[in-house]
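Here are the chains, one letter per residue:
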Amino acid sequence: QVQLVESGGGLVHPGGSLTLSCAASISIFSIYTMGWYRQAPGKQRELVAGFTRGGGTNYADSVKGRFTISRDNGKNTVYLQMNSVKPEDTAVYYCNAVVGLMPFWGQGTQVIVSS
């Protein structure tokens, strides 16, 4: 069983920045597929940013150039740096990890972008 705990959500003004963290209960050194998803009210959950098995990263078109995903294997933590946020970034953000072909999810952290 893998536990993922997100933190860092909150209220932020348009154009502002926020950093989300996802702490894993196990070593993430060998977990290649990890990422951040979000779900806005009335919408499907969508991939925001993720690490691929090839060691690269991918981003949703809507966040390219504004969001950055990173990881600290020593701290078993994945981050999502969110810059120049927009009201349409408002959503619950979830951390995801695929371990042994099984997906694990955190409980989510709410991000509200509003003036």
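None of these values were measured; they are calculated from a predicted model. (Residues numbered from 1 in each chain as written. Predicted model: local features only at pLDDT ≥ 70, side-chain atom pairs only at ≥ 80, totals over all residues. Heavy atoms only, no water.)

Side note on the overall build of the protein
- When helices and strands are counted, the protein shows zero helices and 11 strands.
- Walking the protein from its N terminus toward its C terminus, one meets helices and strands in the order β-β-β-β-β-β-β-β-β-β-β.
- Its C-alpha radius of gyration of 13 Å places the protein within 12% of the 13 Å reference for a compact globule of 115 residues.
- Taking the principal axes of the C-alpha coordinates as reference, the protein spans close to 40 × 25 × 25 Å. (Helix = DSSP H or I, 4+ residues; strand = E, 2+ residues; numbered from the N terminus. Rg over C-alpha atoms; globule rule 2.2 N^0.38 Å.)

Some words on the pattern of salt bridges
- Per the stated rule, a full pass over the model turns up four salt bridges.
- Residues Asp89 and Arg38 are paired through a salt bridge, measuring 3.0 Å at the closest nitrogen-oxygen approach. Of this pair, Asp89 sits in the loop between β8 (77–82) and β9 (91–99) while Arg38 sits in strand β4 (residues 34–39), and the two are 51 residues apart along the sequence.
- Judged by relative accessible area, which is 1%, Asp89 ranks as buried.
- For Arg66, the salt bridge is made with Asp89, and the minimal N-O distance between the two is 2.8 Å. Pair noted here: Arg66 is in the loop between β6 (57–59) and β7 (67–72) and Asp89 is in the loop between β8 and β9, with a separation of 23 residues, a long-range link.
- The exposure class assigned to Arg66 is buried, which follows from its relative accessible area of 10%.
- Within this structure, Arg38, Glu46, Arg66 and Asp89 form a network of salt bridges that share partners. (Salt bridge = Lys/Arg side-chain N within 4 Å of Asp/Glu carboxyl O. Buried < 20%, exposed > 50% of the residue type's maximum accessible area, 1.4 Å probe, protein only.)

Description of the environment of Met102
- Mapping Met102 onto the fold places it in strand β10 (residues 102–105).
- Overall, the relative accessible area of 46% leaves Met102 in the partly exposed class.
- Taking the C-alpha atoms as reference, Met102 lies 26 Å from Gly8; in sequence the two are 94 residues apart.

Some details on the environment of Tyr37
- Structurally, Tyr37 can be placed in strand β4.
- Given the relative accessible area of 23%, Tyr37 is considered partly exposed.
- Sequence separation between Tyr37 and Leu47 is 10 residues, and the spatial gap between their C-alpha atoms is 4.3 Å.
- Sequence-distant contacts of Tyr37, that is, excluding residues within four places in its chain, are made with Arg45, Glu46, Leu47, Val48, Val92, Tyr93, Tyr94, Asn96 and Trp105. (Contact = heavy atoms within 4.5 Å.)

Re the nonpolar core
- Of all hydrophobic cores here, the largest spans 30 residues; its most connected members are Trp36, Leu80 and Tyr93.
- Non-local contacts of Leu80, meaning those with residues more than four positions away in its chain, are made with Leu18, Thr19, Leu20, Trp36, Val48, Ala49, Phe67, Thr68, Ile69 and Tyr93. (Core = buried A, V, L, I, M, F, W, Y, C linked by side-chain atoms within 4.5 Å.)

Some thoughts on the state of the cysteines
- Applying the stated criterion across every chain yields a total of one disulfide.
- Disulfide pairing is shown between Cys22 and Cys95; the S-S distance is 2.1 Å. On the sign convention where negative is left-handed, the bridge of Cys22 and Cys95, at about -80 degrees about the S-S bond, is left-handed. One end of the pair, Cys22, is in strand β3 (residues 18–24); the other, Cys95, is in strand β9, with 73 residues separating them in the sequence.
- By relative accessible area, Cys95 is classed as buried at 0%. (Disulfide = S-S within 2.5 Å.)

Nothing here speaks to function; it is geometry throughout.
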